[in-house]
Amino acid sequence: MDFPGKIAVLGGGSWATALAKLLLTNCETIHWYMRRDDRIEDFLRLGHNPAYLTDVDFDVNRIIFSSDINEICNCCDTLVLATPSPYFKEHMAKITVDISQKAIVSAIKGIVPDENELITVYMQRVFGVQATNTLVISGPCHAEEVALSRASYLTIGCEDIDRAAGFAECISGKNTHAITSSDVDGIEYAAVLKNVYAVAAGIIHGLKNGDNFMAMLVSNAIREMERFIDAVSPRPRNICDSVYLGDLLVTAYSRFSRNHNFGAMIGKGYSVKAAKMEMEQVAEGYYGTKCIHDINKRYEVEMPILEAVYDILYRHIKPANAMRKMGEKFT
């Protein structure tokens, strides 16, 4: 196929909406899978997503909507996956058509639940997609800032760097800058870990531990991220690059960060169940914490921040106690 060919967005949330807006900067039309027909009907009537980023207007004549995932997958060449990781397998289980020759772009900031497997690895194993046909897209970039037309920075990862560059052209524009990388695994793991560390940052904020402690958290978090990624995917990389450090910073500090906000509720005394119910969107860091914790049983990397967040979310340790113990290990 001529890459990228016909492009489809799979997912109806804020990140999917932001990516669709970026793609329409350079693409005449896109296909868009949303599972609910009523959401599609409202979108067509209103000219914007009725549930997410409602201030972002679309020319709906340039969008081909469908609630049939197989119809979308069958007619398109490049599939942009933008569903929350907890629902990923549920959506993928609906696919019965052959997508082994498609290009897959994962915009999912998580790991496949229960499998503890990267999205790209899962797509290669389950659907037979070639490694050179699997791409990842990461930040630092908040969907909300895309909606506000603020300067946004993205990294496209692929083993085939020409493929990465080709997709980068599709989403680049006046306010959007995209660079490329061949570190697919590193980008995916960093996207998961930065959400875990954003939960920790939120907990610190909720506990009112102060800016000094927050600075120590972030400086230790990037080194913890480097240790883990180097252990599971050893290769040359600069952890200070924007896709690692930059994405960590924006997720840890931003008011748009759902993971930070989730953590802040925990720090303020919400139970995990209550905080999850209060969230209007999925806090990926909650699920990513358990996945990375389980994966790390094989590698035994020293990860005091991850362990503290795991203790709070899954072992029900008091946040103040877990954060104090974590802080004693900071350097």
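Higher on the page you've got the structure.
Residues numbered from 1 in each chain as written. Predicted model: local features only at pLDDT ≥ 70, side-chain atom pairs only at ≥ 80, totals over all residues. Heavy atoms only, no water.

Caption draft 1: How the structure looks around the overall build of the chain. The number of helices and strands found in the chain is 15 helices and eight strands. For the chain, whose C-alpha radius of gyration is 19 Å, the value lies close to the compact-globule estimate of 20 Å for 331 residues. Projected onto its principal axes, the C-alpha positions of the chain cover 55 × 40 × 35 Å. For the chain, restricting intrachain contacts to residue pairs at least 6 apart in sequence, the fraction spanning at least 24 positions comes to 70%. Accessible surface, the chain: about 14200 Å² in total, of which carbon and sulfur atoms supply 46%. (Helix = DSSP H or I, 4+ residues; strand = E, 2+ residues; numbered from the N terminus. Rg over C-alpha atoms; globule rule 2.2 N^0.38 Å. Contact = heavy atoms within 4.5 Å. Areas by Shrake-Rupley, 256 points an atom, 1.4 Å probe, with all protein chains shown as cover.)

Caption draft 2: Focus on helix H8 (residues 184–207). Compared with the 34 Å implied by 1.5 Å per residue over 24 residues, the 35 Å span of H8 between its first and last C-alpha is a close match. Most of H8 sits inside the fold, with 21 of its 24 residues counted as buried. One or two residues past the end of H8 sits Lys-208, with phi positive at roughly 60°. (Expected span 1.5 Å × (residues − 1). Buried < 20%, exposed > 50% of the residue type's maximum accessible area, 1.4 Å probe, protein only.)

Caption draft 3: Layout of the packing of H8 against helix H15 (residues 319–327). The N-to-C vectors of H8 and H15 enclose an angle of 115°; their axes lie 11 Å apart at closest approach. Where H8 crosses over H15, the handedness of that crossing is left-handed. Here Ala-200, Ile-203, Ile-204 and Leu-207 of H8 come into contact with H15, specifically with Pro-319, Ala-320, Met-323 and Met-326. Here the contact of H8 with H15 is built from residues that sort into eight nonpolar, no polar and no charged. (Axes fitted to C-alpha atoms, helices over the stretch in contact; angles between N-to-C directions. Left-handed = near helix turned anticlockwise from the far one by under 90°. Nonpolar A, V, L, I, M, F, W, Y, C, P; charged D, E, K, R; others polar.)

Caption draft 4: Region of the structure containing the packing of aromatic side chains. For the structure shown, the criterion picks out twelve aromatic pairs. By way of ring pairs, the aromatic residues Phe-262, Tyr-286, Tyr-287, Tyr-310 and Tyr-314 are connected into one cluster. In this structure, Lys-21 packs its charged tip against the face of Phe-58, placed 5.1 Å from the ring centre. (Phe/Tyr/Trp six-rings, centres within 6.5 Å; stacked < 30°, edge-to-face > 60°. Lys NZ or Arg CZ within 6 Å of the ring centre and 35° of its normal.)

Caption draft 5: Representation of the nonpolar core in the model. With 54 residues, the main nonpolar core has Met-225, Phe-228 and Phe-262 as its most contacted residues. Tallying contributions element by element places H8 first for this core, with 13 residues. Every residue in contact with Phe-262, bar those within four places of it in the chain, is listed here: Val-199, Val-272, Ala-275, Lys-276, Met-279, Ala-283, Tyr-286 and Leu-313. Residues Ile-7, Met-34, Phe-65 and Leu-135 belong to the second largest nonpolar core, which totals 39 residues. (Core = buried A, V, L, I, M, F, W, Y, C linked by side-chain atoms within 4.5 Å.)

Caption draft 6: Representation of the pattern of salt bridges within the structure. Enumeration over the complete set of coordinates arrives at 14 salt bridges. Residue Arg-235 pairs with Asp-183 through a salt bridge whose shortest N-O separation is 4.0 Å. Of this pair, Arg-235 sits in the loop between helix H9 (211–232) and helix H10 (242–253) while Asp-183 sits in the loop between strand S8 (176–181) and H8, and the two are 52 residues apart along the sequence. A salt bridge links Asp-311 to Arg-315; the shortest N-O distance between them is 2.5 Å. Arg-315 sits in the partly exposed class, given a relative accessible area of 43%. (Salt bridge = Lys/Arg side-chain N within 4 Å of Asp/Glu carboxyl O.)

Caption draft 7: Molecular detail of the packing of H8 against H10. Contact geometry of H8 with H10 gives a least axis separation of 8 Å together with a crossing angle of 30°. Relative to H10, the element H8 is oriented roughly parallel. Here H8 runs over H10; the crossing is right-handed. For the pair formed by H8 and H10, the contact residues are Gly-186, Ile-187, Ala-190, Lys-194, Asn-195, Tyr-197, Ala-198 and Ala-201 on the first element and Val-243, Tyr-244, Asp-247, Leu-248, Thr-251 and Ala-252 on the second. Looking at side-chain class alone, the contact of H8 with H10 contains nine nonpolar, three polar and two charged residues. (Parallel < 35°, antiparallel > 145°, perpendicular 65-115°, else oblique.)

Caption draft 8: Structural context of the state of the cysteines. Per the stated rule, a full pass over the model turns up zero disulfides. Considering cysteine sulfurs only, Cys-76 is the nearest to Cys-75, which forms no disulfide, with 3.8 Å between them. Looking at the unpaired Cys-158, the closest cysteine sulfur is the one in Cys-170, lying at 13 Å. (Disulfide = S-S within 2.5 Å.)

Caption draft 9: Quick look at the side chain of His-142. Within the secondary structure layout, His-142 lies in the loop between strand S6 (134–138) and helix H6 (143–147). Taking the relative accessible area as the measure of exposure, His-142 reaches 11% and is therefore buried. Of note is the side chain of His-142, whose polar atom sits 3.3 Å from the backbone oxygen of Val-250. Among the polar contacts made by the side chain of His-142, one reaches the side chain of Ser-254 at a distance of 3.3 Å. (Polar contact = N/O pair within 3.5 Å; in protein donor to acceptor, adjacent residues only side chain to side chain.)

Caption draft 10: Just the pairing of S8, in detail. In terms of strand pairing, strand S7 (residues 152–158) meets S8 through six bridges, oriented parallel. Looking at the pairing, Tyr-153 lines up with His-177 of S8. As for the winding sense of the linkage, the β-α-β connection from S7 through helix H7 (residues 161–171) to S8 is right-handed. (Pairing = 2+ DSSP bridges. Right-handed = clockwise from strand over helix to strand, strands pointing away.)

Caption draft 11: The sheet that holds strand S4 (residues 78–81), seen in detail. A sheet is described by the order of its strands in space; here eight strands give the open sequence S3-S2-S1-S4-S5-S6-S7-S8, paired in mixed fashion. In this open sheet, the two edge strands, each paired with only one partner strand, are strand S3 (63–66) and S8. Recorded for the sheet is a direction-independent mean angle of 20° between the axes of neighbouring strands. In this sheet, strand S5 (residues 103–106) lies alongside S4 in parallel orientation, the contact comprising four bridges. Looking at S5, one finds that Leu-81 is bridged to Ser-106. Packing of helix H2 (residues 37–46) onto the sheet brings it into contact with strand S2 (30–33) and S3, and relative to S3 it is tilted by some 155°. Here H8 sits on the sheet and contacts S5, S6, S7 and S8; the angle it forms with S6, its principal contact strand, is near 40°.

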